[in-house]
4 protein chains.
Amino acid sequence: MTELAAVKAALKTQAVETPSWAYGNSGTRFKVFAQAGVPRTPREKLADAAKVHEYTGVAPTVALHIPWDTVDDYAALAKYAEDRGVKLGAINSNTFQDDDYKLGSICHPSAAVRRKAVDHLLECVDIMDATGSRDLKLWFADGTNYPGQDDVRERQDRLAEGLAEVYERLGEGQRMLLEYKFFEPAFYTTDVPDWGTAYAHCLKLGPKAQVVVDTGHHAPGTNIEFIVATLLREGKLGGFDFNSRFYADDDLMVGAADPFQLFRIMYEVVRGGGFTPEVAFMLDQCHNIEAKIPAIIRSVMNVQEATAKALLVDREALRSAQVAGDVLGANAVLMDAYNTDVRPLLREVREEMGLDPDPMAAYAASGWAAKVVEERVGGQQAGWGA
Amino acid sequence: MTELAAVKAALKTQAVETPSWAYGNSGTRFKVFAQAGVPRTPREKLADAAKVHEYTGVAPTVALHIPWDTVDDYAALAKYAEDRGVKLGAINSNTFQDDDYKLGSICHPSAAVRRKAVDHLLECVDIMDATGSRDLKLWFADGTNYPGQDDVRERQDRLAEGLAEVYERLGEGQRMLLEYKFFEPAFYTTDVPDWGTAYAHCLKLGPKAQVVVDTGHHAPGTNIEFIVATLLREGKLGGFDFNSRFYADDDLMVGAADPFQLFRIMYEVVRGGGFTPEVAFMLDQCHNIEAKIPAIIRSVMNVQEATAKALLVDREALRSAQVAGDVLGANAVLMDAYNTDVRPLLREVREEMGLDPDPMAAYAASGWAAKVVEERVGGQQAGWGA
Amino acid sequence: MTELAAVKAALKTQAVETPSWAYGNSGTRFKVFAQAGVPRTPREKLADAAKVHEYTGVAPTVALHIPWDTVDDYAALAKYAEDRGVKLGAINSNTFQDDDYKLGSICHPSAAVRRKAVDHLLECVDIMDATGSRDLKLWFADGTNYPGQDDVRERQDRLAEGLAEVYERLGEGQRMLLEYKFFEPAFYTTDVPDWGTAYAHCLKLGPKAQVVVDTGHHAPGTNIEFIVATLLREGKLGGFDFNSRFYADDDLMVGAADPFQLFRIMYEVVRGGGFTPEVAFMLDQCHNIEAKIPAIIRSVMNVQEATAKALLVDREALRSAQVAGDVLGANAVLMDAYNTDVRPLLREVREEMGLDPDPMAAYAASGWAAKVVEERVGGQQAGWGA
Amino acid sequence: MTELAAVKAALKTQAVETPSWAYGNSGTRFKVFAQAGVPRTPREKLADAAKVHEYTGVAPTVALHIPWDTVDDYAALAKYAEDRGVKLGAINSNTFQDDDYKLGSICHPSAAVRRKAVDHLLECVDIMDATGSRDLKLWFADGTNYPGQDDVRERQDRLAEGLAEVYERLGEGQRMLLEYKFFEPAFYTTDVPDWGTAYAHCLKLGPKAQVVVDTGHHAPGTNIEFIVATLLREGKLGGFDFNSRFYADDDLMVGAADPFQLFRIMYEVVRGGGFTPEVAFMLDQCHNIEAKIPAIIRSVMNVQEATAKALLVDREALRSAQVAGDVLGANAVLMDAYNTDVRPLLREVREEMGLDPDPMAAYAASGWAAKVVEERVGGQQAGWGA
């Protein structure tokens, strides 16, 4: 197989998981702008997600968020998805939208609230059993807003205790992915604020506990690809929540704010052997003002483009320059791949996969947007908290 | 008058405006936690604000937010306030919570939306006429989320045009205060992102247009007191929206995150001749997880303490050390004031004003919190968007 | 002329000024690593700069730094440059490396030090008269390290006074470019910390005073292209000091850290009518660990590539999408240009200019690097402070 | 013992290590301003450090930096120190000021350079044997400036290998303290950029490897006290390099930029059982523009004041409020301690220790500054690189 053929083959195997909630409405604390045609049920979200996979060919699974996607019959939901060509993916827990969680969930000072939170996580594992999901994605909004508000260290003890109980419950082939976040909604301390904290907990829990990197969850200036390389070296990179940001956790389309950073991240993934199913590539975005399905298609394409460039890096030439201490030469090898216009290559890949080479145009021509606007009238549009 | 007497006299004249919306519910995009006893109407907000003034003695005015505080009869509302010992303060416009404003308001690409936004601002001036308010506070959520989304420069033209129309409408003794904000809810460009932009517009508009500094609206590391000093020097500091933050626009209680910064800001205010009614000292905070009235009382007290310390700076000694190039000596003069425990002084001031020396305890003992929890049942609690 | 021909024509007229000091040694406070072959004199710097122009065709002028490039006979120096195909460009002042400037220069508390600093600036204008330079570039290291150290406001008064004296001295066709910087070497206040401060001073000074944007001199997350658009709209953008950074004022090769940002900046330049000689495009970089001449060639090429992409933006399509409020469509138009591989186009442009299409390879093959290593032995290598 | 007596007793046992290099000249990449009277030899630095201890009573040890403090006879140097009332403290390695280290030291692509770096570290342990020092403090300037420059992951392998060799060499009672730093002098990747990386390495190395927290080495907005609490919980906090900053690694006097943060850090130290000799409290500062000895005395006093406030926190009341979920109450308990003016208490402590209650005044009156200015004439002033 030629090198280009290998790149193409790799690109055809790529899998980007899309999140059910990105198909629903989202916004900021100032306003959620409703969009016509937005799904009202988990099934409608899956139907939209199936469209993304239909046109990109590389978005075969859909992450669920509990309780936003709670249904009575998960097997039926899975069947519904499969009938449309997609599968259910990671289960995302929610311990931040119940009134009880005002001061935290699994780290709350009250044992009763902690119990409730852990029970929710255990229920999520039950759902994983029903959906056949591999990954439980844990993001905790826990933290404090004011110095002194709670005991920083004891909250870590509570966190460790709760995670341990959930870890024990995980079945064969199931994993927990622990997400960290710099800040928001907590504004003084966050109980899992950085990769180091997530890593330390996962290390103690065991091999089924892995760290997930949300690309929008870091302090300004943080070198994310370094974290990716380090977690891969430690065998602790469980996956990504992709999105992009200029400021904080902006949750913009991945690759929209800093496509070069996305490329550097994907390069470290490839270089570190992380381009495998063991690392879950997920989107976690908010399409506050733009049309949701096209935004997700664009995001998937942005990941593809960054991956294609990462795969095109001449690793041998790079290594030679690095070993020789040739700073400019090594940088030039990397930049050569980045500066390549990989869109023609990806069009070829899509054609070889039996897809339209232009997913955006194909989706636009499909009439789906108009159809759902017409059909999805009445009811409660999906969104955070619903 | 001795120097200490002068400090006390100044502290007795201090006026901190509290915002009607801080008495209502607020939260993050993740969750708004409702609190029992929260006001449901503008009158109930004013009743709460009157309590803050009753116990602190330095919170005599209350800012309104339109349309959250829209009423049929503003004269009656003003009378209601005055009967409780407070007055109506600045009118805050809202051009961000209507569906039309998804892509902006006064900077929107569509002339119709811009017209609607300007009309709202003009209506706010009408309300000012009715309430006798001096200041129209303008904060625009306008901006873009993605590169290319709109024309950055043309949006400035639209902004200038809209502001000019409103400026013309201002009556004798009325002002517009233009607020800037680094980001949020817009995540790529914000149309008034920094003091320079606000200043440039105000300069062209004329003397009734002034810049307002929200202490949470800056890039990480920004030296806010420098901006304060500079705006005072330029005659363009119209006021403050006080709050504090560790990360972004956290809207925590002022003085909670960095009391030393608040002191430095107040020092520049005092030094620059800004401790006058021409500079409006307002709070703009969100009490997402803490009790609202006590949080506002604490915030007012934090401003008082910072002001007291700023007034206590030995300006003559400071100047001597500065002129001599004595870095450590000059710093020590400033730190001496900061390190002073001014709480006893403020207790004295309060007693001399006929107040309880401990506003927090006095409010707690007043029974107001229990009373409103009991009385304010049913209806729609006030909050953003309501 | 076809559109592509127009783009090519524009690229051929591009002019990027390279800084004499980038050819000398530089480093961090931890270490300056000396490189073999580095120039020892202003003439040797000009000889190196001439090489950059020889191979890129778009680096026709060289900025001088006084006193690092002080010579007895500037006319002779200019002649020396012209004989090698380049011209002398902006004069950069230095009021930070003399022992007297420990507490500032033009803002120093002592009138004597201020006098010395202003005299230096006036001398720089004398040199401009001799070299025929148009621009005096002013960057002040002035500021304070500790709260209280000096009077923030009075320092602005001193700054204004000093600048006014220098402004008066400017001749016909001469300008002063005032640079702002977020921090470093001052660590508490900087006397010109942001574009707003520079703008306010330039506005009062008059039309010959313009703001210069150093791309590394902003707070984390600052939207630089917004500033560029705003200054162009105000008629106050005098030029750029290009470089790139991941953290602070890293002074890396422009385009190395965030090529997408450089493109967005160049797009606003083009859109705002700033791609003219009235805006000076200068590099200001430090090649601490990489070979200097190739690093500068690469930087010039990076500016060219960003410019080419900016020129290729389909402005009509962009405008249509913007006016229609088509967020994704407008973003896609911009990204189409960015994702284009413009290197083939630039190779064509170079060939049409009679240049080697690959400046890096051509320089490498020239033998210049080996030649100067051999010749430039002994003496004092140029560097900051020398 | 009453509670206040216990606080006083604790304060009397406090030990802050001062760094030999802070007595020498330092600066930024722009300029090092020389100061009269600065030490020229390790002995002169120790003599100055002894003054700090003489007047504060809590600075009994002095950190050395190799090779800046290299001497032939360390036993004699130790004796010299002890004769003046101080002891030698931690040994700080330097693998950043040799020309070989341009691309790194222990992480350099070349095995020969790595060998040289590790040999230097081993030599430092030899010196520890001679001086009786417990701690080897390791800060690596290693990193890269450009994407692609070197293999991020392989550099971690090299780091691990080098550290392991040094770890093996540590004797009974000796430790290595691994320091992390966000950036500078490397501007793209830093090989130990955050506490997570330092922690992961220390964990693998074993109990003699501990993390050291330099308070200036974090991304903007990082919650340092959280890291302190976490490292203490993990048994991995080896010590502090105290200083303060507004922007990057400004190395200002500790407590000068954010005294509230210093207090919060010291509170977590006290709360987490870290106020013991197992945690080394060291200063690491640069007094670029202020007099060095008084700056260090002030810094030691700032640490004392923060510690006193931390010790005064009413832990029982705090815990009650925390357990009750009383956000404002818990915050108020912490703030009560912070707002206390502890200077009178510390004056008492000093008097009870037989010291002058005002160390700054006592030092100023001692005549030492004038004496060393007179005596230390000629020779080479100590500074970075010398």
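- In the annotation of an unreviewed UniProt entry, chain A is listed under the name L-rhamnose isomerase and assigned to Streptomyces acidicola.

## Structural notes on the interface of chain D and chain A
Point 1. Taken together, the contacts link 54 residues of chain D with 54 residues of chain A.
Point 2. Considering only the surface of chain D that becomes buried against chain A, Arg153, Phe226 and Arg233 of chain D emerge as the three largest contributors, covering 17% of it.
Point 3. Between chain D and chain A we count eight salt bridges in total.
Point 4. For Asp151 of chain A, the salt bridge is made with Arg271 of chain D, and the minimal N-O distance between the two is 2.7 Å.

## Quick look at the relation of the copies chain D and chain A
Point 1. Mapping chain D onto chain A is achieved by rotating through 180° and translating by 0.0 Å along the same axis, at an RMSD of 0.0 Å. Viewed as a symmetry operation, the transformation between the two copies matches a two-fold axis. Of every C-alpha in chain D, the one belonging to Gly196 of chain D sits nearest the axis of rotation, 2.0 Å from it.
Point 2. When the interface residues of chain D are mapped onto chain A, 100% of them are again interface residues, pointing to one common binding face.

## Side note on the pattern of salt bridges
Point 1. Within this structure, the stated rule accounts for 152 salt bridges over all chains.
Point 2. Where Lys8 of chain B meets Glu348 of chain B, a salt bridge forms, and the shortest distance between an N and an O atom there is 2.5 Å. You can see Lys8 of chain B sitting in helix 1 (residues 3-13) and its partner Glu348 of chain B sitting in helix 12 (residues 343-352), a full 340 residues away along the chain.
Point 3. The partner of Lys12 of chain B in a salt bridge is Glu352 of chain B, with the nearest N and O atoms 2.5 Å apart. Of this pair, Lys12 of chain B sits in helix 1 while Glu352 of chain B sits in helix 12, and the two are 340 residues apart along the sequence.
Point 4. Relative accessible area serves as the criterion here: at 44%, Glu352 of chain B is assigned to the partly exposed category.
Point 5. Where salt bridges share partners, they join Asp142, Asp150, Glu154, Arg155, Arg158 and Asp191 of chain A together with Arg319 of chain D into one cluster.

## Thoughts on the confidence of the model for chain A
Point 1. Averaged over chain A, the pLDDT score is 97; the fraction of residues at 70 or greater is 99%.
Point 2. Reported confidences for the modelled complex are a pTM of 0.98 and an ipTM of 0.98.

## Examining the environment of Gly367 of chain C
Point 1. Mapped onto the fold, Gly367 of chain C is located in the loop between helix 13 (359-366) and helix 14 (368-375).
Point 2. Through-space distance from the C-alpha of Gly367 of chain C to that of Ala160 of chain C is 49 Å; in sequence the pair is 207 residues apart.

## Quick notes on helix 4 (residues 111-131) of chain A
Residue and element names in this part refer to chain A.
Point 1. Here helix 4 is 21 residues long and its end C-alpha atoms lie 30 Å apart, about the 30 Å a rise of 1.5 Å per residue gives.
Point 2. What helix 4 keeps buried is the set Val113, Arg114, Ala117, Val118, His120, Leu121, Leu122, Cys124, Val125, Ile127, Met128 and Thr131.
Point 3. Where helix 4 is buried, its residues meet helix 3 (74-83), strand 3 (87-92), strand 4 (135-138), helix 5 (152-169) and strand 6 (175-179).
Point 4. With a side-chain oxygen lying 3.1 Å from the backbone nitrogen of Ala112, the N-terminal cap of helix 4 falls on Ser110.

Procedures and definitions
Residues numbered from 1 in each chain as written. Chains lettered and ligands numbered in written order. Predicted model: local features only at pLDDT ≥ 70, side-chain atom pairs only at ≥ 80, totals over all residues. Heavy atoms only, no water. Contact = heavy atoms within 4.5 Å. Buried area = accessible area lost by both parts, 1.4 Å probe. Salt bridge = Lys/Arg side-chain N within 4 Å of Asp/Glu carboxyl O. Least-squares fit on C-alpha atoms with pLDDT ≥ 70 in both. Helix = DSSP H or I, 4+ residues; strand = E, 2+ residues; numbered from the N terminus. Buried < 20%, exposed > 50% of the residue type's maximum accessible area, 1.4 Å probe, protein only. pLDDT = per-residue confidence, 0-100. Expected span 1.5 Å × (residues − 1). Polar contact = N/O pair within 3.5 Å; in protein donor to acceptor, adjacent residues only side chain to side chain.

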